[in-house]
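Read off the chains here:
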Amino acid sequence: MTNTFAFKTIEGRNAVYKVYDTFLDSMRIPYEQVNVDTRFGKAFVIATGKKDAPILILLHGSGINSVMWLEDMEKYSKYYRVYAVDLQGEPGKSDDKQLPFEGPDFNNWLHDVFVGLSIQKASIVGISLGAWLALKFAIANPQKVDKLALLCPAGVGPQKTSFAYISLFYILLGEKGLERLYRKVNGGKSIPQAIMDYQKLIGKNFNFRRERIPLFTDAELSRLTMPSLIFVGQKDIMFHSLKTAQRFRNLVPNAKVVVLQDAGHTLIGLTDDILAFLQHEDSTIKE
């Protein structure tokens, strides 16, 4: 691919960063902002929790940044040293040059983040593109991953070709259309107005990626031996969620796979279930 950059303009980037900082200012727990050197540029990380606690990495999806994790971090930080990492090339504060999905660059980027934060081993929670990166990293570096919790992961089941047409239709309807699109991605459920406004701001200023995210091979997924938990939403309009669930069940026999009947692509409110899985391998999670 030809590298492009996350933001369309410097002014748009600054507007997104200004609201980002407002969200950070509203955090109710102590946190640090950390910049980590990678071979591809700076990686921005929000860190919280006791420094001697087990480590938990949070990887957000495409078209958003680590703001999506701020409320969840309050719970996770009671038990973990939490690092919410802005993915490179996405509308966060990491270097904004977009890395290719094919090849080792994304895996090498996250490896550099681990090195920069002096992480030997961590559990990872990822959503959508972030879940894809968590899988890519775990396949290449199994010794560095304790547990995986994946929300609507890319790279397992196929993407829906209809999503591009649905997106274009709603985008052409202007601001109200964008709101309807984001609600559809959220399974028809309401979105807090502050988050909706932020998503619309990002939508106006972010260069959304058009290329398909590559599927992992059967051999790659079969190499996953660490405890894994995967959630998919049956109303997901971006990925074939049932195919994702079935393929993961077939290839990763030790994984716990949960299909949420009334959920879309954006899965929220699962922090307690994820914590139960991370802390107790034999925990029971309702399907």
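Residues numbered from 1 in each chain as written. Predicted model: local features only at pLDDT ≥ 70, side-chain atom pairs only at ≥ 80, totals over all residues. Heavy atoms only, no water.

A. Focus on the pairing of strand 2 (residues 41-48). Among the eight residues in strand 2, six count as buried, and that is most of the element. Hairpin connection, strand 1 (residues 32-38) to strand 2: the antiparallel pair is bridged by two residues. (Buried < 20%, exposed > 50% of the residue type's maximum accessible area, 1.4 Å probe, protein only. Helix = DSSP H or I, 4+ residues; strand = E, 2+ residues; numbered from the N terminus. Pairing = 2+ DSSP bridges.)

B. Structural detail: the packing of aromatic side chains. Within the structure shown, the criterion is met by ten aromatic pairs. Aromatic pair Phe7 and Tyr17: ring centres 5.8 Å apart, planes at 90°, arrangement edge-to-face. Of this pair, Phe7 sits in the segment before helix 1 (10-25) while Tyr17 sits in helix 1, and the two are ten residues apart along the sequence. Tyr17 shares its class with Phe7; the two are buried. By way of ring pairs, the aromatic residues Phe101, Phe106, Trp109, Trp132 and Phe216 are connected into one cluster. The side chain of Lys93 reaches across the aromatic face of Tyr20, ending 5.0 Å from its centre. (Phe/Tyr/Trp six-rings, centres within 6.5 Å; stacked < 30°, edge-to-face > 60°. Lys NZ or Arg CZ within 6 Å of the ring centre and 35° of its normal.)

C. Summary view of the packing of helix 3 (residues 105-116) against helix 4 (residues 129-140). Remark: helix 3 packs on helix 4, axes separated minimally by 9 Å, with the N-to-C direction vectors making an angle of 80°. As far as their axial angle goes, helix 4 and helix 3 are roughly perpendicular. Counting all contacts with helix 3, which are made through Phe106, Asn107, Trp109, Leu110, His111 and Phe114, the residues of helix 4 involved are Trp132, Leu133, Lys136, Phe137 and Ala140. When grouped by side-chain class, the residues that make up the contact of helix 3 with helix 4 number eight nonpolar, two polar and one charged. (Axes fitted to C-alpha atoms, helices over the stretch in contact; angles between N-to-C directions. Parallel < 35°, antiparallel > 145°, perpendicular 65-115°, else oblique. Contact = heavy atoms within 4.5 Å. Nonpolar A, V, L, I, M, F, W, Y, C, P; charged D, E, K, R; others polar.)

D. Summary view of helix 3. Taking 1.5 Å of rise per residue, twelve residues should cover 16 Å, and helix 3 covers 16 Å from first to last C-alpha, within 8% of that figure. Lining the buried residues of helix 3 we find strand 1, strand 2, strand 3 (55-59), strand 4 (81-85), strand 5 (122-127) and helix 4. In the segment just after helix 3, Ser118 is the residue with positive phi, at about 60°. (Expected span 1.5 Å × (residues − 1).)

All we've got here are geometric facts, nothing functional implied.
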